[in-house]
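Here's the letter readout for the chains.
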Amino acid sequence: MSSLIKGKKNEWETVIGLEIHAQVKSNSKLFSNSSTTFGSKPNSQVSLVDAAMPGMLPVINKYCIEQAVKTGIGLKAKINNYSVFDRKNYFYADLPQGYQISQYKYPIVGEGKVTIDFKDGSSKDIRIVRLHLEQDAGKSLHDQNPTKTYVDLNRSGVALMEIVSEPDIRSADEAGLYISKIRSILMYLDTCDGNMQEGSLRADVNISVRKPGEDYGIRCEIKNLNSIKFIKQAINYEVKRQIEVLEGGGVIDQNTLLFNPSTGKTRPMRSKEEAHDYRYFPDPDLLPLDIDQSEIDKLISEITELPDDRKKRYVNEFNLSNYDSAVLTSDKYVSDFFDDVIESDKALKASSKIIVNWITSELFSLLNDNNIEINNSPITPEYMGKLVNLIKDDVISGKIAKDVLIEMFDTKKDPEIIIEEKGLKQVTDTSQIEIIVDEVIKENQKMVEQYLSGKDKLLGFFVGQSMKKSKGKANPKILNDILKEKLSKKH
Amino acid sequence: MEFKSITQLKSLLDENKISVKEIAESYIKKINEKKELNIFIYFNEDKIHDQVKEIEKLPNDKTLKGIPIAVKDLFCTKNMPTTAASKILENFKPTYESFVTQKLVDQGSMFVGKTNLDEFAMGSATNTSYFGNTINPLSKNDNPLAPGGSSGGSAAAVAADFCLGATGTDTGGSIRQPASFCGVVGIKPTYGLCSRWGIAAFASSLDQAGVFSKNVKDASILLEEISGYDQRDSTSSNVQIPNFSKNLNPSLDGKIIGIPKEYTVDGISDEINEVWEQAIKSLEKKGAKIKYISLPHTKYALPTYYIIAPAEASSNLARYDGVKYGFRADDAKSLDDMYELTRSEGFGKEVKRRILIGTYVLSAGYYDAYYLKAQKVRKLIANDFVNVFLDCDLILTPTAPSAAFPLNEKQEDPIKMYLNDVFTVPASLAGIPGISIPYGKDEQGLPLGIQLLSKHYNEQEIFNAAFALEKDYE
């Protein structure tokens, strides 16, 4: 896919690399046993270690290590048997130790790759440089008091995985697909809850532009973006800005930027001159991490289906397109729902395309309107399957089915019961339909004449009138046939 | 009443010849009589009486029941404030008890107070403390002497008879050197033998808790109690702790004692070399074989230490920022301002010097030349010992290059001060155990210490040899 941007003078290529910070799904923090529950009362989840009291020492949480290894496996990456925790030294009010424990020279996970899929059916690999573990900082609250800053250390010490990509991304859309894919892999592995609103997944975006074929340009880093929408907006803005600077004869300052979602603009956070010297060195409180190959093998054996495997299965088993399969599998909960629908009645396998459509259009819009995630859907996969069967068996029409779905959503009832209670069963009895058609013809003599004089398009009018009379319950195909037959007899 | 040792006092207590309360009163009296020594940062009679009530309830089989112990004010204690001898932690009251002090509490010991030290254990004379100098109890009136450091308060507390044992920490000699200066026994065990949990950190890869006592047997009793694995300290060793005191055996038959030639240094007084010589002869007489050995990288130990320790310290002390606890300077206009003022006013000169050195050696562009190289040299120094201990059971050296020096000497010359650690630092870098025991005196009657070193986890042999040598002066 070509993604060159036209400036006033030249065409430009965008070069993007992402650093994704994914919070490890774990009940306790990376180096302490404090809870990690989001949204708790400030400073209610702070141990002596998290608050960096004198003489307190970090102890590695083995579960977080396993989660990082699993993630590495999911990213098809090299798992390093030997890795080291380093201290990254800097002062900030919400960094109690005065350093962040991170991994610098020897990360736990090395090179890997992630595949993104485009609408036209093509796909592309984005290379991963590394994944390393680090502690999150606390939070400074500047808006609680006019003259004071408060510090909440609940997040202090929570485990993060930093996933660094090569600068292989070439557009805002690719960046969006890439982070969606990472999010989906993490959620399949259950190593991160993927909740971007709560900050469980955030990204720093490195952006530069260049004329095609030239060396990389000077890059800027946009920090801490927590939605795919903002990532795309920020990239588009920044690319435009950089092109304007360069075409105006300027040079790009290597800056760290912040994106303001309300203005859609980026602004410098700090410049290179103020850049920190983090004075990384191995944390003497922690021993290097030695992971046995047998432990890695055990974790590999625990991993079930990943998005790419599932996508392949959908293509092969259900004859879905690559893109449909990619969309469906990109959210684990969506594809779990789809799998559960099929699982509820094996016969539904033949209707997989219809199921996809019902999930991705009607069900999605109901869920979106009500701000509900699919894993909490009031419509169960089993009832969804029943509805599709009812459509396929001509018990109800597609149009009626939409109303039934809304009713199912509101009442959580079985669609069969709804149809029964409301008398929505489709009329397939030809004699009943004939009566309706006769009435319609009788009531619209003028139109009949016009139809007979060659205005074929009026057939739709008769269909509509008849359907209305049947309260939408007439089987459309039978209705059509009868109408055509009766009208032709008028000749 | 005069109590000579833990074993003696314990049997008096077991035979009901003395009560815990009487012990407490006796020590409170002694401490109050010599307050001018400035041995304690925290001393509170009420706190001692409170403990008496608790200790009396304990069964007599608690090894340290009623034994008066002084605690270096670097160990966090629940019932007494912990300052690390720094203004930045003035009035800091931990809500937790360090691993080592908890073990002592569990065995029924009675904490008489928190002892003075060099600020954050950085120093060799207990003269960098925010709370003033400690005076060596062996000083003559007109000539106050330094007790050594950094655990000078603890060594002095034992020497002044303020307690029968004391905790210390040794990062580059901070137990062994003051033990030598104050004429008491001081052991730094193998790195990792006692948990660092709850000890304010100076240099994590070197910090090691240990003890002071009046004799070798008491040291073995105390060390046994404070050692052990702690899962809260990832560098703590999961090894079986021998029953050091029960296993004490002065026989040196067939033991090979290494005498490193690199420890004969220019400028060291003849008296020290003579004491060393006497100890060598004594060991030979007791059946040991003497082997003259070489530890070729010894000369790099001091510079290596003074890169690694400050580097770790610069990071370890970053947490003292005025945000969460301890001292915070007033009138700061911004966050950076608050850091600057708090840390400028809160830390003393020596601590600041080491933070600056440490920050420098870790900075971009210097890391490889200093810190990384120092780590490589550290490995070479450790290997020197590994090689030597293939043929030797123990190494014997002087503990310090001099006897206790006058209080204000060397204060303005950090390099001279750092040279105090010349004999103790190599073992710290290698993580091996070392003891200092008093062995003879200089012309002025000041005690001189000798040091015994051995391989990792071989404290028992150190105790045994020290036990044998100790008899020379009984």
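Residues numbered from 1 in each chain as written. Chains lettered and ligands numbered in written order. Predicted model: local features only at pLDDT ≥ 70, side-chain atom pairs only at ≥ 80, totals over all residues.

Take the overall build of chain B next. A count of helices and strands for chain B gives 16 helices and 11 strands. Overall size of chain B, expressed as C-alpha extent along the three principal axes, is 70 × 60 × 50 Å. Classification of the 474 residues of chain B by burial places 59% in the buried group. Residue pairs at least 24 apart in sequence account for 77% of intrachain contacts in chain B once pairs closer than 6 positions are excluded. (Helix = DSSP H or I, 4+ residues; strand = E, 2+ residues; numbered from the N terminus. Buried ≥ 20, exposed ≤ 12 C-beta atoms within 10 Å, placed from the backbone. Contact = placed C-beta atoms within 7 Å.)

Turning next to the sheet that holds strand 3 (residues 110-115) of chain B. Residues and elements named next belong to chain B. Strand order in this open sheet of 11 strands is 1-3-2-4-6-5-10-11-9-7-8, and the pairing throughout is mixed. Each edge of the open sheet is held by one strand with a lone partner, namely strand 1 (40-42) and strand 8 (289-293). Sheet twist, expressed as the average angle between the axes of neighbouring strands with direction ignored, equals 35 degrees. Bridging between strand 5 (residues 185-188) and strand 6 (residues 208-213) involves three bridges; their strand directions are antiparallel. Looking at the pairing, V185 lines up with S213 of strand 6. (Pairing = 2+ DSSP bridges. Axes fitted to C-alpha atoms, helices over the stretch in contact; angles between N-to-C directions.)

A separate point is the interface of chain A and chain B. Quite often, the size of an interface is put as the accessible area lost when its parts meet. Listed as interface residues are 25 residues of chain A and, on the opposing side, 35 residues of chain B. Partitioning the side of chain A that touches chain B into residue classes produces 17 nonpolar, four polar and four charged. (Nonpolar A, V, L, I, M, F, W, Y, C, P; charged D, E, K, R; others polar.)

Let's shift gears to the domain arrangement of chain A. By the assigned domains, chain A splits into domain 1 (5-298), domain 2 (331-422) and domain 3 (430-489). Each of domain 1 of chain A and domain 2 of chain A was reduced to a C-alpha centroid, and the two centroids are 38 Å apart. (Domains from an automatic or database assignment.)

Attention now goes to unusual backbone geometry. The linkage connecting G149(B) with the following residue, S150(B), adopts the cis geometry, with an omega of 10 degrees. One can find S150(B) in the loop between strand 3 and helix 5 (152-159). Despite not being glycine, A52(A) has its phi angle at roughly 55 degrees, a positive value. By the secondary structure assignment, A52(A) is in the loop between strand 2 (11-23) and helix 1 (62-74). On the basis of neighbour counts, which here come to 23 C-beta atoms within 10 Å, the residue A52(A) falls in the buried class. The phi dihedral of A84(B) falls on the positive side, at around 55 degrees, and the residue is not glycine. If you trace the backbone, A84(B) turns up in the loop between strand 2 (68-72) and helix 4 (99-106).

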